[in-house]
Structure formats: C-alpha cells, structure tokens
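# Secondary and tertiary structure notes
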Amino acid sequence: MTTVDRVAEALRVEILGGGIAPGTPLREVEVAATTGVSRGSVRQAFSVLVNEGLLSQNSYRSVIVTTLDEHDIREIYQARRMIELSAVEATAGADEEHIAVLRKAYEEFVAAVEGADRNGIHLADVQVHAALVAVLGSGRLSRVHAGLMSELRLAATAQYKSPPEGATLVKRHGDFIDLVTAGKTDEARTQLADRLDNSEELLITAFREARARQG
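Here's what I pulled together on the structure shown here. Not measured: the values here are computed from a predicted model.

Moving on to the environment of leucine 152. In this structure, leucine 152 sits in helix H7 (residues 139-159). Considered as a pair, leucine 152 and leucine 203 are 51 residues apart in the sequence and their alpha carbons are 9.4 Å apart.

Take the side chain of threonine 91 next. Examined against the element boundaries, threonine 91 turns out to sit in the loop between helix H4 (70-90) and helix H5 (96-114). Among residues more than four places away in sequence, those in contact with threonine 91 are Ile99, Leu132, Val135, Val180 and Thr185.

Our focus in this paragraph is the nonpolar core. Ile73, Leu102, Phe109, Leu132, Phe176 and Leu192 are the most contacted members of the largest nonpolar core, which totals 37 residues. If you list the elements that add at least two residues to this core, you get H4, H5, helix H6 (118-134), H7, helix H8 (166-181) and helix H9 (185-213). The biggest single contributor to this core is H5, with eight residues. Among residues more than four places away in sequence, those in contact with phenylalanine 176 are Val88, Leu132, Ala188, Gln191, Leu192 and Arg195. Counting residues in each nonpolar core, the second largest holds 19 residues, with Leu16, Ile20, Leu26 and Phe46 among its members.

This part is about the packing of aromatic side chains. With the rule as written, the count across this model stands at zero aromatic pairs. In this structure, arginine 195 packs its charged tip against the face of phenylalanine 176, placed 5.2 Å from the ring centre.

Turning our eyes to something else, we now look at the pattern of salt bridges. One pass over the full model with this rule turns up 13 salt bridges. Put simply, aspartate 197 and arginine 81 hold a salt bridge, and the shortest N to O gap is 2.8 Å. Taken together, the residues span a long stretch of sequence, with aspartate 197 in helix H9 and arginine 81 in helix H4 at a distance of 116 residues. Using a relative accessible area of 34% as the deciding quantity, one classes aspartate 197 as partly exposed. Taking the shortest distance from any N to any O, the salt bridge between glutamate 89 and arginine 189 comes out at 2.9 Å. Within this pair, whereas glutamate 89 is found in helix H4, its partner arginine 189 is found in helix H9, the two being separated by 100 residues in sequence. Residue glutamate 89 is classed as partly exposed on the basis of its relative accessible area of 43%. Via salt bridges that share partners, Arg74, Arg81, Asp197, Glu200 and Glu201 belong to a single interconnected network.

Analysis parameters
Residues numbered from 1 in each chain as written. Predicted model: local features only at pLDDT ≥ 70, side-chain atom pairs only at ≥ 80, totals over all residues. Heavy atoms only, no water. Helix = DSSP H or I, 4+ residues; strand = E, 2+ residues; numbered from the N terminus. Contact = heavy atoms within 4.5 Å. Core = buried A, V, L, I, M, F, W, Y, C linked by side-chain atoms within 4.5 Å. Buried < 20%, exposed > 50% of the residue type's maximum accessible area, 1.4 Å probe, protein only. Phe/Tyr/Trp six-rings, centres within 6.5 Å; stacked < 30°, edge-to-face > 60°. Lys NZ or Arg CZ within 6 Å of the ring centre and 35° of its normal. Salt bridge = Lys/Arg side-chain N within 4 Å of Asp/Glu carboxyl O.

Just geometry here; none of it tells us what the structure is for.
Dropping the structure here:
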C-alpha cells in the first residue's frame, strides 16, 4: 500500500466504523499531523474517499463526511437492483469458478456471524454481494457497486446502533446460494429483489425515526 492508500484506509475504517460521524469536517493539516504524512498525501487520500462517496467536497474545497438522506438511499438501492439482479441472470451461464467464489464468500459470512463480530459481519455481507456482481465480469461495474456499498454502509452505521440480525441473514443468503447453485435463476432473482426491497425500507424507516427523535 502507498502512503495515500494507508491514509485513505485509516480514514475509511474510522468513518465506516462510526468513529467519525456524518457531517464532520476533515482538515488536511489536522489529518496530516495525526498520521505523520504530508498534506499532499492527505489531499490525495481525501480525493479517493470523495470518489467512493464517503467524503463530500463543498464549494470552499473543504471536505466533510458524507451525510445521506432518503433520496440518496432510494438511488443507491435503485442502482444496486440494476447491477445485482443482472448479475443473478448472469449466473445461469457462469462457470463453476465464479459460483465457487460466491459460495466461499457465503461461508466466510457464516463464520463472521458465528464470531459475533459486527464489523466482520458487515464486511462479509458486502463480500457476498461483491462476489455475485463479479459474475458479470466487469471491473467497472464491480467498482461502481463497491462505491454504492460503501455509501450504504456509511448510512447504516449512522442509523443502526446494534449488530445486524446475523442468523436471519445467514438463512437468506444460504437460500439464495442454493437457488443459484441449482440453476433456479428466476427464483433467485425474485428472492434477492425481495431482500433488497426489505433492506431499503428498513433503512428508510430508521432514517425517519432518527429525524423524528431530532425534532
């Protein structure tokens, strides 16, 4: 990893772990002093995270941790459906290697749930969806999808203070993998679409409840 990569990763971990809240301004000079790197490297790291959607830049060229609203969440899920449901259809012609990677990602997710590691559960869940998108064989789409998942995790971290319901997710992911492995593409597509709908509405509800608490 380059210096820029290391700074970007350190900030990414803090942001996605809830250590730096949405709306928090980040200043080059402060991050440079904390990390012991040049302001130029920090500036480049900021650019990486801006491209990922984790940081936003205002007209004064300062950056803040991105704050998402309901409209943003709806857009993210719309884009996820377009990519992930297309990937499900692509599994019909996928080679065994892609399916094996998908199953391996699922097994790692199960292990994370058994370890009761909140951060590990989030990361492993993302990797299951990433393995599905990889079936499309498009690096560009995989990068777009990774950005969407980073933004979504940022939103979820800000709203959910308790770990996700791992056991329920394990069963849903497992059922999906079984459908894909059996070549039941239509059923797998319907199951994933339902899960995405449910996940979207849960997050939107959490946003509305948080706004109500804030008055």
